[in-house]
Structure formats: structure tokens, C-alpha cells
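# Architecture and fold: a report
What follows is each chain in one-letter form.
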Amino acid sequence: MKQTGKKQVNHLKRLRASLAILFFVPILLYFVDFTSALPQEVHTLLHLQIIPAVLSGAVGIIVLQFILVIVFGRIYCSAICPAGIFQDIINRLFCIGKKKRKGAWRFSYHKPLNILRYLLLTVTVVTAVFGITTLVVWLDPYSNFGRVATNLFRPAVMWGNNILADVLMRLENYSLYHVTIHTVTKAGLVSGIIAITVFVALAVSRGRLFCNTLCPAGALLSLVSRYSIFRISFDEEVCNNCGNCERSCKAEAIDSKNMKIDTSRCVTCFNCTSACTKKSLRYRFRPPFLKDRPSVADKAGTVKSGSRRSFFATGATIAASLPVISTIAQYSDLPDGDAVTAEDNIDYKNLPPVTPPGSVDLERFKDKCTGCHICVVRCPTQVLRPAGFQYGFDYLLRPHCAFESSYCNYECTVCGEVCPVHAIRRLDKEEKRTIQVGIATFNISRCIVYTEGTDCGACSEHCPTQAVHMIPYEGTLTIPQVEAELCIGCGGCESICPVRPHRAIVVVANNEHRQVAPPEEEEVKEYEIDGFGF
Amino acid sequence: MRRRDFFKTSVVASAALSLNFDGLQAALASNTAAMEAAPDLVAVMGGEPEAMLDKALEALGGIGKYIKKGQKVVIKPNIGWDRTPELAGNTNPLLIKSLVKRCLNAGASKVTVFDHTCDDWQKCYKSSGIEAAVKEAGGIVLPGNDERYYKSVTIPGGVKIKEAKIHEALLEADAWINVPVLKNHGGAKFSCAMKNLMGIVWDRRVFHSNDLQQCIADLCALQKKPVLNIVDAYRMMHQNGPQGKSAADVATTKSLLASTDIIAIDTAALGLFNQVKKLEMAAIGHITKGETLKLGTTNLEKLNIKRIRV
């Protein structure tokens, strides 16, 4: 049994790896780039991701992905999905310095966990249809990768930058500058740690077990990939049962003894074709409608029918439990309640989240957002931050406008541009300036001008529309007043209000965003001055 | 006023006073003739920013009077808002550009420009045109967006604010020039030379919650005073300040003021402001409170003011 024959260049594997790099590197950099140095257009790569494409109803991309998988197999999992590539990188790192048997060739065939896989897929789909996207949030590979990149890699890069910036500054070099990290919240951090732990643990112990059991995109693709036109197959005539293919298969999908390949789990990485010295395993044109490949067809068939059976069985179970789920779905709408907007009675503890401009309304946003945090990282003012449990379990990890120390820039439309799910709709600048995400609510009994009798006006200073403006108060003092019809809820006022613990002016979210009139345009006058005035 | 009292009584300047009157010190060092020639305040009107700056500096006796060879210089404009120069939310970039050049020509070893902005600092630096202007002129742009850049100093003369975190670039500089833009202001009513100092501190929240007007005056009592104040009034935001909504908030007044006396220059700037919009001195507590702290005078009558029309 020869393990290492003459190494041949495996063009397909090289192509797969190159493609993976082409997708992964820009996506990773896009998440960690805190200087906004990368072109905004990189977000196009995110729109190709399967779960976001499905949720946003991007028919073109869904069709494209379908064609890819029906023709070539699960290329997506090996070359497009950042979480898939990330697991390959983890695997690669794990193999460093290890012998093949302990490293790259440490895998062995396992039966697919089809019941779990398709049960998860079904429950995910059904609950999502009923407006509970919790499972999508937790299982979408792209979003999980996003949370790792956002909450772990990005802060690490920023810390590195800060250390370097300090050193350079001591050397009188000002090309780098110190950055503050506002966007990492406890919930975000924990979600990132959970995701990376799962990726590392599963990738190291069982290769692509995540992709073939937990991942809804993987499960979805597996339904199609088992019929893919090009697939890896055995040439039984030349196979000498050495088992290298099985050991190299991170999807644990090759049963070398029986010369079976579970195409539903194969992620077309071409590691096996590299490992096969006999050229038995090759990527071949094997459309399922051709009946001229007895051995392969039969054996793939057994796997197929088994999984199909379990798929239907789980489907039936889910259908039976539908009424229960829909009841839960309805119930989940209740706890939010209406915001208390009475001026001197703001219920500070139970304010609903202010959702990003373009998210249209809270329910829609919760239904669509998968918590990938790309809006969080691209938001130039770092006002978008992942929520913890403060807005209820069903808002967990979704971004909200946190006006503690920042606010939404009047002219900025970045979050809508980058959101791959269109959970945040694309807005043009003019439209953005008229979208009211909430209304600044002033509580005079807390205001400095009222309590201390001194000037403040910080809120009005920061108001881009002058919805918050100063009106005469006692003596020369002026006090803020809010014109709700001009307010867009950017949070400028709340972010700067000096009153603690609760601020005198807070943005109370509109559960449904409204459109307000743009500030009236005043006529530009010419001023003639005849002297200095002193 | 105080300058004259000072001469009349021939009292030796106290340490505190001499800190406030660098111009006077320079004059004392030379002779009384030079002293008479150098005005306390220069006002220029009718030119482009660069031309007006040169007229003002010339009248004051040249930039060399304030900036010495080898000095590390900080220029502190107002870059508070993500606004283009036409909207007058920030100091005119052409003025900053010329001033950076003049300082470098005077032999400054390094000229640094920063502001603790209100809007996102990178957007502000860019939209204001100031980042590009400074770089073209050979200066350095520093961010003021992170607490790390700020160091705590005491302000012995302060009434409400006795300690503040000040940008280290300013603390480490040998000389700094205060270059505000003249604006209406929703909170402080009026934003000019004194108010511009709020851009050198980190925590502005305590200012707003502890009698804003007094805090602004207190901050001007900082021991490290600007060697010169130059007020940009080329464009003036007369309403909806400090941010402004549109070009309708702006009057083109094509003026520039320069003085070492921060109270006098704000008083004069208010006079100019009143040419467009009425604003009572009484409403702008920080100017009179600053006078009480002996930071300068509001009595322009007693000052030697040079008015120049270009």
C-alpha cells in the first residue's frame, strides 16, 4: 500500500484554493478594515452568500448558486463561504508540523447525521417563515464568521494598530493614529467566542462536520449537490483500496472500502483526488440522468434514498408541530409593547431598540437580520452595536443605534449599502435625511438649564435639522424644544446630553420608521456690512 | 486698559500678568516706540484669507514676534463639523494653510494641527478641507478623537473647572495659535476665540453640566495660553450654529481679527457679529466671566486697535 506516490499537480485543488483566497481575503479585510481604506464595493462578495441571498430574495444570486451546485457541486462551501474557508485555514494550521496520519490524513468515513441535519434545516426554515430567525442567526455560517471577524479579529487588529501608532508617534511619525473600539459589546464578544470555539473544535476533530450537520446553507446545498453533474467518483478498476482518499476527506464523506462517496456532503475541495495516487478518484462528468455508471449510481443511490427517507420523516414531524411554532411566533410579538413617550415619564428601562435607518420597521428587521455585524464594522461613527438581551431574546446580536457616545451621521448611508440581506434597505442621501427612526424626547425636569439655571444647549448644537432648537427661557437663558416633525432620531442630542444617569433628551424609537419632510430651505441672503462694528 | 494702568503706575508685571501679555513683554524688551507701533488688536476687512492674514501679521510686527526658530507649534482651528468650507462650520482652510506656511517660514520645527471634533473626526478633517490644506503647507494633522491623546493638567485660576484633560500636542508645544471661526452657537450663544478652546479638552460633558459659560472662561485661564488669537470671519455663521443647516446661515463678511487678548478679540468679534445679527453681550456669559478672571478686557476703547481695509 503506497501512501505517497509521485506528487502530481492537482489543478482543480489549486483552482479551488485560489478562488477561496480571492473570496476570503477581501471579506476578512473588509471586516477588520477600521480605516475604511477598502473600496465600499467589496460588499458585493457578501451578497453572494447563500443565507443572505435567500433572506433578501435575491433571485439572481439564488439561481446562480443553484447552477453552481447542480453543475459543480458544493463549490460554495469550499471557495465562497468565509466560514468554510476559515475552517480550512484552521485545519491547515492544525496540520502544521504533524505527520500526514495525524494531520491532513487524519479523517475517516462517518455516516451522515442526516436526521439532525435536515431537522435543523427544516426547523430553521419553518421558524424563519414564521418570523423567528434565531436559528438563522446562530447557524448561518457567513454571519458566524462575521461575528468572529467583528468581535475578535477586528479588535485585535485595532489593538495592534494602537501599539504601533504609539511607537511611531514617539518616533515623530504620524501615519497611524490611535483608534477607540466602541463596537464590541459583551453579547458580540461572547457570540464571536462561541463561533470560533465551535469552528475550531469541529474542524479539528471532525473536519467539515459543521457544514454537514449544523449549517443550513450546507444542508440546503446538499439537497442539490447529490444530483450534481460533475462529481468525484471512483474508477473501481484502478482503485487499490489504499484508503488515502478517505483519510484526506475532511467532509468524512468517502467510504473507501465500499468505494462510496456521499456527494451530499462532498464540498469539492479535491483533497481526495490529490491523495489518490492511482487516479481512481477523479472529478468526472456524471450527470444523474445518465444510467451508464452502475457501480457509482447504485452506491450513491443507497445513501441518497436513506437520507431522503429521513428528510421526509423529519418534514412530517415539523408539519405536525407547525401550529405550536406559529403560536410561539405570535407570542414573540407581544413583549415589546409600546414605547412610553410622555415627556416627563420616559420609561428608560424599557425603550425599544432604535433600528438603523433603512430597516423600515422593527418586526421586519428582526425577521431579516442575521447578525453578521458588517454594518457594525462599516458604520463610521460606531453607533451601531450588537444588542445583548436588553431588547429581548429575539433582538439578540442585532445591531441597534447606541447613542451613549455616538450618533448616526446625517449624510451617511453606509449600513444600507453593505447589508447583504437588505435587512437595512439601501437609501440615497436625500432619502436618508428624511427617515425618522425615532423621535428625540425632551424631559425638562432633567435638563441642566432647568435644574442648574445655566446655559447648556449641547443637544441643539448637535442637531443637524435643528429639530432640537433653543427657545428663550429665564433671563438670557435658552432651553431646548423639539419639533418632532423635523426630528430624524439621529441621536446627536442624546449622545451629547451631559445629564446622568438618565439623559434629559433621549431618542424614543419608532417601531415603524416614518418619513418626515426635509428641513425647509431658507433663502440665501447677501449681507452688506459697512464697518467693523467696534 | 490694564496695559496703560500698568505703564502709568510703572509696576513690574506680575508673573501671572506677563503670561497674559506676551506682546507686552516683547514690547518692553525693545522700546516704547515699537510698543506704540504694535497694536493690541488688528482688524482686517475686504480681502482673501491669505492677504488679510499677512496684513494682520505685518501690523502686529511679524509672525516672528510670536513664533521663534526651532519651536514646536500647534495651530488650533475649529474643525468641529462634517461641513464644507462654504457652510462656515469650521475655520477657513485657506487661512490655516497660509498660517502653517508662515509658521514654518518663521523657523518652526514642526507645525501640528488638531481639533477634538464633534462629528466623526476623519469626516470633519476631510470635509473642512483643513487636512489637505495643512498637508500641502507642510504641517502635521493629528487626531483628537481618543482619550489617550489627552493629559490631565490643573487650572489654578478656574472657578468651576480646576482640572481638565488637554491634548498632549498642545501641552508639548512651545507655542500655540488659536484660530477660531466666528459663529452663532446654540448653547454658548456665541462661538469665537474663547469657545474654540473647548476643542483642546477631552471631557466636554462636565462643561455642559457645570455652568457652561463659567467653564469656558475657566478653560481660558489655562496656564498655557495661545501666543496669538486669529479670528476667521471670512464667512460667518449667524444662525443655527455651531453646526449650521445650509448656506442661508452664512454671511460673507470677509474679515479677520488678530490679538493676544482673548477677551478683547471676542468682544470685537461680537461687534462684527452684530453687524449681521443682534446678540447681547449679557447673553454671552463667558466673555464677561473671563474678564473677571483677568484674562483680558472688554473695554475696546482703551485698546490700541488697528483697522485695515484691503
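Structure: above.
In this report, we go over the structure that sits alongside the text. (Residues numbered from 1 in each chain as written. Chains lettered and ligands numbered in written order. Predicted model: local features only at pLDDT ≥ 70, side-chain atom pairs only at ≥ 80, totals over all residues. Heavy atoms only, no water.)

## Details of the overall build of chain A
Helix and strand counts for chain A stand at 22 helices and 10 strands. A total of 534 residues make up chain A; the buried ones form 55% of that total. Carbon and sulfur atoms make up 61% of the accessible area of chain A, which totals about 23600 Å². (Helix = DSSP H or I, 4+ residues; strand = E, 2+ residues; numbered from the N terminus. Buried < 20%, exposed > 50% of the residue type's maximum accessible area, 1.4 Å probe, protein only. Areas by Shrake-Rupley, 256 points an atom, 1.4 Å probe, with all protein chains shown as cover.)

## Let's talk about the interface of chain B and chain A
Counting from both sides, the interface comprises 58 residues of chain B and, opposite them, 44 residues of chain A. In this assembly, chain B packs against chain A so that about 4400 Å² is buried in total across both faces, 55% of it on carbon and sulfur atoms. Summed over the shared surface of chain B and chain A, the number is three salt bridges. At the level of secondary structure, the elements contributing two or more residues to the side of chain B that touches chain A comprise strand 1 (41–45), helix 7 (121–127), helix 10 (205–209), helix 11 (212–220), strand 11 (250–259), helix 12 (262–273) and strand 12 (305–309) of chain B. For the side of chain B that touches chain A, the element with the highest residue contribution is strand 11 of chain B, accounting for five residues. Here the side of chain B that touches chain A is built from residues that sort into 27 nonpolar, 16 polar and 15 charged. (Contact = heavy atoms within 4.5 Å. Buried area = accessible area lost by both parts, 1.4 Å probe. Salt bridge = Lys/Arg side-chain N within 4 Å of Asp/Glu carboxyl O. Nonpolar A, V, L, I, M, F, W, Y, C, P; charged D, E, K, R; others polar.)

## Focus on the packing of helix 4 (residues 59–72) of chain A against helix 12 (residues 216–225) of chain A
Residue and element names in this part refer to chain A. One way to put it is that helix 4 packs onto helix 12 with a least axis distance of 8 Å and a crossing angle of 50°. Considering the angle they form, helix 4 stands oblique to helix 12. As for how helix 4 packs across helix 12, the hand of that crossing is right-handed. Where helix 4 approaches helix 12, its residues Phe66, Val69 and Ile70 are matched on the opposing element by Leu221, Val224 and Ser225. (Axes fitted to C-alpha atoms, helices over the stretch in contact; angles between N-to-C directions. Parallel < 35°, antiparallel > 145°, perpendicular 65-115°, else oblique. Left-handed = near helix turned anticlockwise from the far one by under 90°.)

## Quick word on the nonpolar core
Ile67, Ile75, Cys103, Ile177, Leu182, Phe190 and Ile230 of chain B are the most contacted members of the largest nonpolar core, which has 105 residues in total. Looking at this core element by element, the count peaks at nine residues for helix 12 of chain B. Once residues within four sequence positions are removed from consideration, Ile177 of chain B is found in contact with Ile63, Ile67, Val74, Ile75, Lys76, Leu99, Cys103, Val227, Leu228 and Ile230 of chain B. By size, the runner-up hydrophobic cluster in this structure holds 47 residues, among which are Phe23, Phe210, Cys269 and Val377 of chain A. (Core = buried A, V, L, I, M, F, W, Y, C linked by side-chain atoms within 4.5 Å.)

## Here we look at the pattern of salt bridges
Taken as a whole, this structure holds 24 salt bridges over all chains when the rule is applied. A salt bridge links Arg385 of chain A to Glu404 of chain A; the shortest N-O distance between them is 3.7 Å. Taken as a pair, Arg385 of chain A in strand 5 (residues 384–386) and Glu404 of chain A in the loop between strand 6 (399–401) and helix 18 (414–418) lie far apart in primary sequence, 19 residues in all. Judged by its relative accessible area of 6%, Arg385 of chain A is buried. On the accessibility criterion, Glu404 of chain A (47% relative accessible area) is partly exposed. For the salt bridge of Arg102 of chain B with Asp54 of chain B, the shortest nitrogen-to-oxygen distance reads 2.7 Å. In this pair, Arg102 of chain B is assigned in helix 6 (residues 93–105) and Asp54 of chain B in helix 5 (residues 49–60), connecting sequence segments 48 residues apart. Salt bridges here are not isolated pairs; linked through shared partners, they connect Arg16, Asp88, Arg208 and Lys250 of chain A.

## Details of helix 12 of chain A
In an α-helix, one full turn covers 3.6 residues, which means residues spaced three or four apart are oriented alike. For helix 12 of chain A, the buried fraction is high: eight of the 10 residues fall into the buried class. Within helix 12 of chain A, the full set of buried residues consists of Pro216, Ala217, Gly218, Ala219, Leu221, Ser222, Val224 and Ser225 of chain A.

## Looking at helix 6 of chain B
Its 13 residues place the ends of helix 6 of chain B 18 Å apart at the C-alpha level, agreeing with the 18 Å of an ideal helix rising 1.5 Å per residue. The residue sitting at the N-terminus of helix 6 of chain B and contributing the capping side-chain oxygen is Asn92 of chain B; that oxygen lies 2.9 Å from the backbone nitrogen of Leu94 of chain B. (Expected span 1.5 Å × (residues − 1). Polar contact = N/O pair within 3.5 Å; in protein donor to acceptor, adjacent residues only side chain to side chain.)

## Let's talk about the environment of Leu121 of chain A
Residues and elements named next belong to chain A. Position of Leu121 among the secondary structure elements: in helix 7 (residues 114–129). With 94 residues separating them along the chain, Leu121 and Cys215 place their C-alpha atoms 7.8 Å apart. Apart from residues lying up to four places away in sequence, Leu121 is in contact with Pro216, Ala219, Leu220 and Leu223.

## Remarks on the packing of aromatic side chains
Residue and element names in this part refer to chain A. The final tally for this structure, using the stated rule, is 19 aromatic pairs over all chains. With centroids separated by 5.9 Å and ring planes inclined at 15°, the aromatic side chains of Phe72 and Phe230 adopt a geometry described as stacked. Taken as a pair, Phe72 in helix 4 and Phe230 in strand 1 (residues 230–233) lie far apart in primary sequence, 158 residues in all. Between Phe86 and Phe145, the aromatic rings sit 5.7 Å apart at their centres with planes inclined by 65°, giving edge-to-face as the arrangement. Remark: Phe145 occurs in helix 9 (residues 141–170) and Phe86 occurs in helix 6 (residues 82–95); sequence separation between them is 59 residues. Both residues of the pair, Phe86 and Phe145, belong to the buried class. An aromatic cluster of at least three residues, connected via ring pairs, comprises Phe24, Phe31, Phe86, Tyr142, Phe145, Phe153, Phe199 and Phe210. The side chain of Lys98 reaches across the aromatic face of Phe94, ending 4.0 Å from its centre. (Phe/Tyr/Trp six-rings, centres within 6.5 Å; stacked < 30°, edge-to-face > 60°. Lys NZ or Arg CZ within 6 Å of the ring centre and 35° of its normal.)

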